[in-house]
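Okay, here's what each chain looks like letter by letter:
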Amino acid sequence: MSQRRVVVTGLGATTPLGGDVDSTWKAVLAGQSGVRLLTDDWREMLPVHFAARVATEPSEQMERVEMRRLDRSEQFALIASREAWKDAGSPDELDKERLGVVIASGIGGVITLMDQFNILNEKGARSVSPHTVPMLMPNGPAANVGLELQAKAGVHTPVSACASGAEAIGYAFEMIKNNRADIVVSGGVEAACHQLPMAAFAAMKALSTRNDDPARASRPYDRDRDGFVLGEGGGILVLEEYEHAKARGAKIYCEISGQGLTSDGYHIAAPDPEGSGVQRAIKFALQNAGMTAKDIFHLNAHATSTPAGDVAEANALRKALGADADHVAVSATKSMTGHLLGGAGAIESVFLVKALQDRLAPPTINIENLDPAVTVDVVRDTPRALPAGDIAALNDSFGFGGHNVVLVFNSL
Amino acid sequence: MALAQADVLAGLKEIVEEVAGIPAASIELDKNFTEDLEVDSLSMVEVVVACEERFGVKIPDEKVTELVTVGDAVNFIVNASN
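What counts as what
Residues numbered from 1 in each chain as written. Chains lettered and ligands numbered in written order. Predicted model: local features only at pLDDT ≥ 70, side-chain atom pairs only at ≥ 80, totals over all residues. Helix = DSSP H or I, 4+ residues; strand = E, 2+ residues; numbered from the N terminus. Rg over C-alpha atoms; globule rule 2.2 N^0.38 Å. Buried ≥ 20, exposed ≤ 12 C-beta atoms within 10 Å, placed from the backbone. Contact = placed C-beta atoms within 7 Å. Nonpolar A, V, L, I, M, F, W, Y, C, P; charged D, E, K, R; others polar. Axes fitted to C-alpha atoms, helices over the stretch in contact; angles between N-to-C directions. Parallel < 35°, antiparallel > 145°, perpendicular 65-115°, else oblique. Left-handed = near helix turned anticlockwise from the far one by under 90°. Domains from an automatic or database assignment.

## Some remarks on the overall build of chain B
Argument step 1. Of the regular secondary structure elements, chain B holds four helices and zero strands.
Argument step 2. Scanning chain B from its N terminus toward the C terminus, one meets helices and strands in the order α-α-α-α.
Argument step 3. By the compact-globule yardstick of 12 Å for 82 residues, chain B fits well, its C-alpha radius of gyration being 11 Å.
Argument step 4. Here the C-alpha coordinates of chain B stretch approximately 30 × 25 × 20 Å along the principal axes.
Argument step 5. Relative to its 82 residues, chain B shows a buried fraction of 27%.
Argument step 6. Residue pairs in contact within chain B that sit at least 24 positions apart in sequence constitute 57% of those at least 6 positions apart.

## Quick word on the overall build of chain A
Argument step 1. Along the backbone of chain A there are 13 helices and 14 strands.
Argument step 2. Its C-alpha atoms give chain A a radius of gyration of 20 Å, near enough to 22 Å, the size a compact globule of 412 residues would have.
Argument step 3. If you line up chain A on its principal axes, its C-alpha atoms span 60 × 55 × 40 Å.

## Focus on the interface of chain A and chain B
Argument step 1. Contacts between the two partners involve seven residues from chain A and, on the opposite side, six residues from chain B.
Argument step 2. Considered class by class, the residues forming the side of chain A that touches chain B number two nonpolar, three polar and two charged.

## Focus: the packing of helix H1 (residues 5-20) of chain B against helix H4 (residues 70-80) of chain B
Geometry of a packed helix pair, given as the angle between the helix axes and the separation of the axes.
All names here are of chain B.
Argument step 1. At a minimum axis distance of 9 Å, the contact between H1 and H4 shows a crossing angle of 125 degrees. Between H1 and H4, the crossing angle belongs to the class labelled oblique. The hand of the H1/H4 crossing is right-handed. Between H1 and H4, the contacting residues are Gln5, Val8, Leu9 and Leu12 on the first element and Val70, Ala73, Val74, Ile77 and Val78 on the second.

## What about the domain arrangement of chain A?
All names here are of chain A.
Argument step 1. Domain assignment breaks chain A into domain 1 (6-247) and domain 2 (258-410).
Argument step 2. A separation of 20 Å is found between the C-alpha centroids of domain 1 and domain 2.
Argument step 3. Contact residues are listed per partner, giving 61 residues for domain 1 and 56 residues for domain 2.
Argument step 4. Where the side of domain 1 that touches domain 2 is concerned, the elements lending two or more residues are strand S1 (6-14), helix H1 (21-29), strand S4 (99-105), helix H7 (164-177), strand S6 (183-190) and strand S7 (233-241).
Argument step 5. When residues of the side of domain 1 that touches domain 2 are assigned to their parent elements, the largest contribution, eight residues, is made by H7.
Argument step 6. Across the side of domain 1 that touches domain 2, the residue classes tally to 32 nonpolar, 20 polar and nine charged.

Encoded structure:
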């Protein structure tokens, strides 16, 4: 069998910047922030009073009865998947045994878990919703999308904290490469803007506490960054075998040509300051794609705005790409979306696909003073044009636990 | 004092509409929960718990399988309220 190639034929998203891909991408290119003060009463008991909630509430995009059986993360997954499936031309005639779904979440249905725990304590066991388990299980978003699309090649949920979304796309890529499926709906979602996860991240000193200026709190690579901003939402990509996509006349955005996966073996939450795991992941991803650093012109960085993480990543990028890092436009879109945890690698992959399509690297906002320790070429404030011709781009994602995932996309 | 059948039916219609999204107008005594109204087993648990709260009756788990139609449920609740 000849080598199977994988292309992107559909995109979907619901994010702090918009209820779909077009509105989100437009806001990204305009350098807007999706971070706002929380309106919930519980914010007062936390050291952090802001987050990046989705711009469009699921209730505006979904029927009430459907919503009440779904965790918020599952609502995001269905909303973004419906957009992506439609964008891919709704290929419903496909043999469902050749259709897969791989959608990740970093935490799962934590809001459902906490709500039902409160109901148990207040009203007793009989009042706990019978929908609780399908709502809180981390594979719930993937399972609901798989059910709706009748996917029968396999429905999967890799979990690797903030690398989960990227790992899901990599898993989907492998499913098509290995001839398990012809189309896989892939991505990641997260719905954890709730007092418990926020208190927990705050306890790790991982969150920014810039309460007086939320829109400028997420500031990757800035000298005075003080932590990440929690975001919610998700991104979905329809991946498809190249010949299959051509045969049905599908719109093809770009190719996904490689992935690199490594683990640090260093610390449960802190990044390895040497970044050797990240460097190896980049090396493996390029090898897997049959490329070198010379082919790479854009990178959507993990860059969450934490003091340690951003510099460790930038150093690793510089070491892995060498002198070729000089022609790589690095964008940190979490400056606008906040950190979607298990949705991050997915929405950032959506941005990468749009960047290749429009030949525009999105901006990184909120850098007032570039940290002098950052030795990569960061796109600041406004989008930057990417070269015409054949180019490739990287998306890197890392998760607590020491997970490193690098994806390679290229123009066709 | 027993609840009136008409009151129980009206309340049950509201509950089924809330839980399963079935328009109250299409819920009648002879409708089968699973076949006519597409109330699945998980949603039926929600309907039962909501009925217990609303009508102040107990509906034991072993009785739930006997509530095949809306009329079965209404009659059970009316009798249990006696």
